[in-house]
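Here are the chains, one letter per residue:
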Amino acid sequence: ELLALAAIPHSPLPHLPSRLRKRRPLAAAAAATVAVVAVGCCSGGGGGRDESPAGPRGAGSGVLGWSHRPGSFAEASGLSAYRRIPPCLCCASSSSPPPRDSSSRRAGRLIRKDARSVGHVSFLRGGEGDLDSAIHRIEGDALDVFLLKDGDIEVPLSRMFPTVGAAEWAEYAEIQPDSTARLSSGCALLRSKAGPGSTDGSPVPTNILLDTGLGVVDPPHWPVHDLRHLLLRAAGLEPADIDAVVHTHLHRDHTGWNVIQDLNGEVVPLFPNAKHYVQAKEWDFWSQSVEGRERTRFETHLEPLERLGMLSKVTGPHQIHPSVQLLPCEGHTPGHQMVRIVLKGADDSKKTKSAIWIGDAIHHVAQVSRPDWSPVFDWDPLEASKSRKKLMGALSEDDALLLSPHFPFPGIRKIARVNENKFTSSKQVDLQ
């Protein structure tokens, strides 16, 4: 009973027997004994990271020891060495996940028996004040944007940008005072004020989720907030109310809440009524190799979407709502995309106010003025740099808001052009 109770979202529970409601304080402690899979995503046990400065031994190792392994998609497709599958943000952080346990992983559970697990489970049932600090609303004409934060990720700069020296970072002491990059993690909810007509002719809202954050099934990092709680607090929505999910790409810190465990221990989609949109090129890249499928936890987090008819693979620009357009922005991954959102005015009006959810096109604020800095996570550093310059040029020219899941929350910036290759950013909290 306690383990089942621990899996129920934190909310008033009048439907539960009083004996269970009274025992809720014990649920967090009980949940700490539940085995849950939480492993590094880039290779086998130990999170796939090599902690020694010299990196692992053997030919073919990359900057962080990510070897070009036989049978990988890169080899099969003839891609050049730098276009192998690089590490992602999930596995380069300074917080080590627990070791892999194959039998428990097959059962789809979490393995976390250290003292910190109690704190993390308790945090997922955090109070209203905690949730309010992880929600930011931008009000538009046709739709509202709710920026939602589910956790934090810390990455040593030496791992994230191994080719950038300390002297170069000195210029950014105000935004990067030490040697650790502190990145936010989360997603965005777009809530349309007038959607398709219902059966009786009245308008109903359309709810679109941009990325799905960290999750709790085999998470790359432990979330601080439960996305179900954030959706309920921000807009009064349940997971079944989500009509569409857009994945900017398929790294695990952007697909984590795709699935949850039900009370029988089965892994099921969290958003049962949502069509999940991804670029076809992105899906094909990760699905066609053993390495790619392992890195994305394809069988648990992605394959069920296709099997259940919940997947929509798109090619190039794609309109999913009159105010929401998917746009390719490749380089970080082969099929990375961003999302343009019209907030004020008609899309063809000179007075249009828009925003762009950038996914992982830019990870760190310093990259705004140094778009040539590519983190080790970028699949194609040169293409990623070109995409960043093009993106920031568009943001500057359109006076649009930059919305980032990884900038300090809420991750809103305005971009201004300094010269052909350099831009600056200023913090922004709303439309102006």
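Calculation notes
- Residues numbered from 1 in each chain as written.
- Predicted model: local features only at pLDDT ≥ 70, side-chain atom pairs only at ≥ 80, totals over all residues.
- Heavy atoms only, no water.
- Helix = DSSP H or I, 4+ residues; strand = E, 2+ residues; numbered from the N terminus.
- Buried < 20%, exposed > 50% of the residue type's maximum accessible area, 1.4 Å probe, protein only.
- Contact = heavy atoms within 4.5 Å.
- Areas by Shrake-Rupley, 256 points an atom, 1.4 Å probe, with all protein chains shown as cover.
- Pairing = 2+ DSSP bridges.
- Axes fitted to C-alpha atoms, helices over the stretch in contact; angles between N-to-C directions.
- pLDDT = per-residue confidence, 0-100.
- Polar contact = N/O pair within 3.5 Å; in protein donor to acceptor, adjacent residues only side chain to side chain.

A. Up close: the overall build of the protein. Helices and strands together make up the secondary structure of the protein, namely 15 helices and 16 strands. Going through the 432 residues of the protein one by one, you find that 55% of them count as buried. The long-range share in the protein, meaning contacts at least 24 apart out of those at least 6 apart in sequence, stands at 69%. Here the protein displays about 18,300 Å² of accessible surface, and carbon together with sulfur accounts for 53% of that area.

B. Layout of unusual backbone geometry. Residue phenylalanine 409 is joined to proline 410 through a cis peptide bond whose omega torsion reads 10°. Mapped onto the elements of the fold, proline 410 is located in the loop between β14 (401-403) and β15 (412-419). Its identity as a non-glycine residue notwithstanding, aspartate 218 has a phi of 50°, on the positive side. Residue position: aspartate 218 is located in the loop between β4 (207-210) and α10 (227-235). The phi dihedral of arginine 297 is positive, around 50°, even though this residue is not glycine. In this fold, arginine 297 is placed in the loop between α12 (290-295) and α13 (298-301). Relative accessible area serves as the criterion here: at 2%, arginine 297 is assigned to the buried category.

C. The sheet that holds β15, seen in detail. Strand order in this open sheet of 7 strands is β10-β11-β12-β13-β14-β15-β16, and the pairing throughout is mixed. Lying at the two open borders of the sheet, with one neighbouring strand each, are β10 (318-321) and β16 (422-427). Taken pair by pair, the neighbouring strands of this sheet meet at an average axis angle of 30°, ignoring direction. Against the sheet, helix α15 (residues 381-398) touches β12 (337-344), β13 (353-357), β14, β15 and β16, its axis set at about 100° to β15.

D. Region of interest: helix α11 (residues 280-287). With 6 of its 8 residues buried, α11 lies for the most part within the structure. Within the sequence span of α11, burial applies to Ala280, Glu282, Trp283, Phe285, Trp286 and Ser287.

E. Representation of the pairing of β15 in the model. Examined bridge by bridge, β14 and β15 share 3 bridges and lie antiparallel to one another. Residue leucine 401 lies in a different strand from β15, and its bridge partner there is lysine 414. As paired strands, β15 and β16 are joined by 6 bridges and run antiparallel to one another. By the bridge assignment, arginine 417 is partnered in β16 with phenylalanine 423.

F. The arrangement of the confidence of the model for the protein in detail. Averaged over the protein, the pLDDT score is 76; the fraction of residues at 70 or greater is 66%. Throughout residues 43-83 the model reports pLDDT below 50, and contacts reaching past four residues in sequence, or to other chains, amount to 69 contacts. Within the model, pLDDT remains below 50 along residues 94-123, and this stretch shows 69 contacts once partners closer than five positions in the same chain are excluded.

G. Examining the pairing of strand β2 (residues 143-156) more closely. For β2, a buried count of 12 out of 14 residues is recorded, marking the element as mostly surrounded by other parts of the structure. Judged from the 5 bridges that link them, strand β1 (residues 135-139) and β2 form a sheet pairing that is antiparallel. Within β2, the position partnered with isoleucine 135 by the bridge is leucine 148. Between the antiparallel neighbours β1 and β2 lie 3 residues.

H. Quick peek at the environment of lysine 149. Relative to the assigned elements, lysine 149 resides in strand β2. Its relative accessible area of 19% is what places lysine 149 among the buried residues. Taking the C-alpha atoms as reference, lysine 149 lies 8.3 Å from leucine 230; in sequence the two are 81 residues apart. With residues up to four places along the chain from it excluded, the contact list for lysine 149 reads Ala134, Ser184, Ser185, Gly186, His225, Leu230 and Phe409. A polar atom in the side chain of lysine 149 sits 2.8 Å from the side chain of aspartate 152.

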